[in-house]
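Structural characterization, general
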Amino acid sequence: MDLLEEHPVPHARLRDGGVVWRNRAARVDLRGLLTAPEWASMLAWLAAPEGRSTWECLRDGGFDRVIVSASRPASLDGDWLLSWRLEPVSADELALRRLTQAVENRDVGIYEHDHVIDVVWASPIARRIWGLPDGPLKVDHFVVCCHTDDRERFVAAILAAHHPDGDGRFDILHRLEPDADGHVRWLHSTGMSYFGHDEHGQRVVRRTVGSTADQTERVRQHLQIERLAAALQTSPEVVAIGSSDGRLLFVNPAGRAALGLDADRPLGTLQLADLLQPEHRDQLRTAVLPALEPGHPWSGELDLRGPDGPVPSAVVLQAHPATFSDGATLSLVAHDLREKLALEAQLHHAQKLEAIGRLAGGVAHDFNNHLSVIQGFTYLASEQVRQRPEVLSCLENVQHAAASAGKLTAELLAFSRRQVLRPQRRSLSGVVRGMAQMVDRLTGDDIAVRMELEDVHDTVLVDPSRMEQVIMNLVVNAKDAMPSGGTLLLETTRVDLDGSYATAHPDVEPGAYVLLSVSDNGVGMDADTLERIFEPFFTTKGVGHGTGLGLATTFGIVRQSGGNIWVYSEPGRGTTFKVYLPLQEEAPDPLAPPEPAPRRTTEGRKVLVVEDEPRLRRMVVMVLEEAGYQPIAATGPLEALAIVRGGVLPDLLLTDVVMQQMSGRELSEALRTDGFDIPVLYMSGYTENTVVHHGVLDEGIHFLSKPFMPADLLKALLKVFDG
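Residues numbered from 1 in each chain as written. Predicted model: local features only at pLDDT ≥ 70, side-chain atom pairs only at ≥ 80, totals over all residues. Heavy atoms only, no water.

Overview of the overall build of the protein chain
Scanning the protein chain from N- to C-terminus turns up 22 helices and 29 strands. The proportion of buried residues among the 723 residues of the protein chain is 43%. In the structure as shown, the protein chain presents an accessible area of about 39000 Å², 53% of it carried by carbon and sulfur atoms. (Helix = DSSP H or I, 4+ residues; strand = E, 2+ residues; numbered from the N terminus. Buried < 20%, exposed > 50% of the residue type's maximum accessible area, 1.4 Å probe, protein only. Areas by Shrake-Rupley, 256 points an atom, 1.4 Å probe, with all protein chains shown as cover.)

Thoughts on the confidence of the model for the protein chain
Mean pLDDT over the protein chain stands at 81; residues scoring 70 or higher make up 82%. Here strand 27 (residues 692-693) is the element of the protein chain with the lowest mean pLDDT, 47, and helix 7 (residues 148-162) is the one with the highest, 94. Across residues 414-418 the pLDDT falls below 50, and counting only partners more than four positions away or on other chains, this stretch makes 29 contacts in the model. (pLDDT = per-residue confidence, 0-100. Contact = heavy atoms within 4.5 Å.)

As for the sheet that holds strand 24 (residues 630-634)
An order of 24-23-25-26-29 is seen for the 5 strands of this open sheet, with the pairing classed as parallel. Each edge of the sheet is formed by a strand with only one pairing partner; in this case those strands are strand 24 and strand 29 (703-705). Ignoring which end each strand starts from, the neighbouring axes of this sheet average 20° apart. Alignment of strand 23 (residues 606-610) against strand 25 (residues 652-656), held across 4 bridges, turns out to be parallel. In the sheet register, Leu-608 faces strand 25, and the bridge partner there is Leu-653. Lying over the sheet, helix 20 (residues 637-645) contacts strand 23 and strand 24, oriented at roughly 130° with respect to strand 24. Helix 22 (residues 710-722) contacts strand 25, strand 26 (680-684) and strand 29 of the sheet and is inclined by roughly 150° relative to strand 26. (Pairing = 2+ DSSP bridges. Axes fitted to C-alpha atoms, helices over the stretch in contact; angles between N-to-C directions.)

Thoughts on the packing of aromatic side chains
The full count for this structure, using the stated rule, is 6 aromatic pairs. Ring geometry for Trp-130 against Phe-142: centres 5.0 Å apart, planes inclined by 75°, an arrangement best described as edge-to-face. Taken together, the residues Trp-130 in helix 5 (residues 124-130) and Phe-142 in helix 6 (residues 139-145) connect sequence positions 12 residues apart. Residues Trp-130 and Phe-142 agree in their burial class; the two are buried. (Phe/Tyr/Trp six-rings, centres within 6.5 Å; stacked < 30°, edge-to-face > 60°.)

A look at the pairing of strand 23
As a general feature of sheets, a regular strand has side chains that alternate between the two faces. The buried count for strand 23 comes to 4 of 5 residues, which makes it a mostly enclosed element. As defined by bridge partners, strand 23 adjoins strand 24 across 5 bridges and the pair is classed as parallel. Paired with Leu-608 across the bridge in strand 24 is Ile-632.

Quick notes on a nonpolar patch on the surface
On the surface, a nonpolar cluster with roughly 260 Å² of combined accessible area is contributed by Val-116, Ile-117 and Val-119. Note on Val-119: relative accessible area 31%, which makes it partly exposed. (Patch = residues over 30% accessible without salt bridge, like charges linked within 9 Å, V, L, I, M, F, W, Y side chains within 5 Å. Salt bridge = Lys/Arg side-chain N within 4 Å of Asp/Glu carboxyl O.)

A few points about the pairing of strand 20 (residues 511-520)
Of all 10 residues in strand 20, 8 are buried, a share of seventy percent or more. Two strands pair when backbone bridges link them, and strand 19 (residues 486-497) and strand 20 are joined in this way by 10 bridges, in the antiparallel orientation. Counterpart to Leu-488 in the pairing with strand 20 is Asp-520. Bridge count for strand 20 against strand 22 (residues 575-582) is 8 bridges, and the pairing is antiparallel. Pairing of Ser-517 across the sheet is with Lys-578, part of strand 22.

Things to note about the pattern of salt bridges
Applying the stated criterion to the full structure yields 22 salt bridges. Between Arg-13 and Asp-79 there is a salt bridge, and its shortest N-O distance comes to 2.7 Å. Highlighted residues: Arg-13 in strand 1 (residues 11-15) and Asp-79 in the loop between strand 4 (64-71) and strand 5 (80-88), separated in sequence by 66 residues. Like Arg-13, the residue Asp-79 is buried in the burial classification. Arg-672 serves as the salt-bridge partner of Asp-677, at 3.7 Å between the closest nitrogen and oxygen. Three or more residues joined by partner-sharing salt bridges are found here, namely Glu-5, Glu-6 and Arg-24.

With respect to unusual backbone geometry
A positive phi angle, near 55°, is found at Asp-16, a position not held by glycine. Looking at the secondary structure, you find Asp-16 in the loop between strand 1 and strand 2 (18-22). Residue classification places Asp-16 among the exposed positions, given a relative accessible area of 80%. Positive phi is not limited to glycine here, since Asp-77 has a value of about 55°. With respect to the helices and strands, the residue Asp-77 is situated in the loop between strand 4 and strand 5.

Side note on the sheet that holds strand 22
Taken in spatial order, the 5 strands of this open sheet run 17-19-20-22-21, and their pairing is mixed. Of all strands in the sheet, those bounded by a partner on one side alone are strand 17 (447-453) and strand 21 (564-569). Taking the axes of each pair of neighbouring strands and ignoring which way they run, one obtains an average angle of 15° across the sheet. Helix 14 (residues 436-443) rests against strand 17 and strand 19 of the sheet, and its axis sits at about 155° to strand 17. Its contacts with the sheet place helix 18 (residues 550-560) against strand 21 and strand 22, and it is angled at close to 140° to strand 21.

Some thoughts on the packing of helix 20 against helix 21 (residues 664-673)
Running from N to C, helix 20 and helix 21 point in directions that differ by 20°, and their axes come no closer than 10 Å. With respect to each other, helix 20 and helix 21 are oriented roughly parallel. Crossing hand, helix 20 versus helix 21: right-handed. Seen from helix 20, the contacting residues are Pro-637, Ala-640, Leu-641 and Val-644; seen from helix 21, they are Leu-667, Ala-670 and Leu-671. (Parallel < 35°, antiparallel > 145°, perpendicular 65-115°, else oblique. Left-handed = near helix turned anticlockwise from the far one by under 90°.)

Section: the packing of helix 14 against helix 15 (residues 464-480)
Put simply, helix 14 and helix 15 touch, their axes get as near as 10 Å, and they point 25° apart. As judged from the angle between their axes, helix 14 and helix 15 are roughly parallel. The interaxial crossing formed by helix 14 with helix 15 has right-handed handedness. From helix 14, Met-438, Val-439, Leu-442 and Thr-443 reach across to helix 15, where they touch Met-472, Val-475, Val-476 and Lys-479. Of the residues that constitute the contact of helix 14 with helix 15, the class distribution is 6 nonpolar, 1 polar and 1 charged. (Nonpolar A, V, L, I, M, F, W, Y, C, P; charged D, E, K, R; others polar.)

Points about helix 20
Within an α-helix, residues lying three or four positions from one another point in the same direction, as the helix has 3.6 residues per turn. Residues of helix 20 that are buried: Pro-637, Ala-640, Leu-641, Ile-643 and Val-644. One side of helix 20 carries all its buried residues, which in axial view fall inside an arc of 160°. Contacts from the buried residues of helix 20 go to strand 23, strand 24 and helix 21. At the exit of helix 20 stands Gly-647, carrying a positive phi of roughly 115°. (Arc of directions from axis to C-beta.)

Here you go:
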C-alpha cells in the first residue's frame, strides 16, 4: 500500500461496499464522482461471478467517462483494490446523453417504426407506459393496447400519418384499456413519418419516429377544471372573482344577469364593491376586505346591485393565497334571498292566520254555548209574555242580536276551519253556472258579468252551500271594488300544479286541481292591503259597512275543503282571486231528492239530555217539555250511564260531544256495548271532536251545531225520529 500511496493513478481500497483507503492521486473519492445509481451499478459488477475486466460509464454528474479496474490481492485480506481513470467523451455522446436524460426526466417514451422490415423499436419507458412485453414489436401490439372506444380513431390517425399524400404527422390523445382494477390511463402519442420513393417513383413511407407520454393526471385535472367551469357557468348563484386589490376579474352568467351586466361587456375598471348597493360598499372596503385571511371566509347578508333595485343576498367572501399566475385572488359567492324571503313572508302570514284562527275558533266554541242559552231562554220567555207587547219587543231585540252574534261566530268558525261541512262531489262549473241569475241581480246593470266555464271533468269535493258562499263573497268583494261599474269575469279550468309551484307556495301539494278565477277591473289593492286581506275584521270599508269577515270566511272554507286561495292585485289594475280545489276522479254525486215532511208523532217520547253546561241543559229541558217530550237530564256521561243501566230506557240520546268524563261518541258506544241501541243526536259548537274530522261529518251521524234556536233543536229531533 505504501508503493501505491504515491502512484499517479487513483487507487482505492473497498471493503463491504465502502471505501476504507485511497491514495493521494485520488483527490476526489470514487464514490463522490459517481451518482448513487452509478455506484450501485459498479458494486453489482464487482459482485458478479464473471464479467468484464473493467467497468465504465458516462458520468451523469460530469462530462467525461470513468473507467474502473478491480483486483483482489491476497495481501488485502479479501478487500477490493480499485483504480480508475477519466477520459473525455465526444460531443455526439454528450448530445445523446442530454437528449436521453431530457426524455427520461419528462417520462416520455420513444419509438421508431422501420416500415421496410415492419419492426417497431420502443424505449424502455415507452414499453412501460404502454405495458408492452420484451422482444420484437409490431404496430398491432400498440393497437391492441389502445382502448376499445378509441381504437378506430387511433388506427385512422396512424394511417393518415402514413398516407403518401399527407404531411406525415401523427398527434392523438387516447386511452389505454382498463387495468385489472378498472383504472384507465390517458396517453399523448405523437410521431412524424419520413417518405422515400419505390422503384416506380411512388412516394412511400420508410420510417416513423415519435414519442408517447402518460397524460392521465393532466387529463383528469383538465376534466375536473371543465366540470368546475361548467358548474360555474350554469350555477344559479352569483360568482365573482377579483384581484387582491379588489379589481373585478370574472363574473359568471348568473351573476351578470342578476346584476344587469351584458354577457360580452368587459369588466374594465369595475371593482368587487361595484357589485353591491352603495350603502354596503363602504362596509366591504373598510371592514370586510381588510380583515380577510386565507382559510377564514366572511359570510353575511349584503344587498347586490340589481338592474331593478337591491337584491338581498347571502354573501360569502374568501381570500385565496398567491397560487395563481396573476397573484392572490378574492372570490365572492352570493345567493339571491328574494325567493327565500318571499316564502318566509308567506309562511309567516300563514302562521299568523292559523294563530288567529285558533283563537277565533276557541272563542267561538265557548260563545256558542252562551248564545244557545240566550236564544233558548229568550224564546221560552217570549212564549210567556205574548200579551205584553213592550216586553215581547225587548225579547225580540235580544233574539235578533243573538242571531247576529250566532252568524258572527259561524263566520269565525268558517275562517278557523272549524265549521261542519257536508261535502259532496260537484262540478265546480255547475255550481258557478247555477248561481248566474243571483250574480246578475247582485252586481246590477253597471257591471258586465262574463262566465268562461270549461265543460270538462271538473269534479271537486265541497259543501255546495259553502262553495256558493265563497263565490258570493268574491262577487261582493269585486262589486265593491268597481263603484263606477266595470267587468266581472268568472272562469273555471283544470290545471296541474307541479313541484316548483308547490315549492313557491306553502301548503300546496303537487297534483291536478280545478281553478276558479274571479277577476275585476276595479280599483285594485296595494301591498299592505294584500298582506292582510284574509285577516278577520280587516276591512277597507268605512265604519258600519261590513264586518271584515267575508274574505276571512272564504279563506277558511277553501282551506277546510282542501284547497288554496291566492290573490293578485295592483292599484288601478284590478284584482284576481284564484281558488284551487283538488280534482276528484269520480263523477259528481246525483242530486238528493227533497226531504219528506217530518212526522209529528213525538208526543211523550223520552229524551236523555247529557250536557255539562248547567244553563244550557236547563234550557234544553224546558224546550223539550214545552214540545211534549219527556226529558231526562244528566249532568255528564257517567250519570247518563247510571240512568240507563238503572232501567230507564230513553227513545233518543241528545248529548254534547266534548265533555270532561268522556266524549259523547264514547258514551254512545258504551251504551251500545251494554246492549242499548239508542238513536243519538250530537250537539257541539266545535268541529275538532270525535264525530267530526277535519270539519267533515262522519257517515250516518246526526249533528246539531251550536248555537241553535229551539226550533232548530225540535226540527233536528224530528229528523232523527223519522230517520
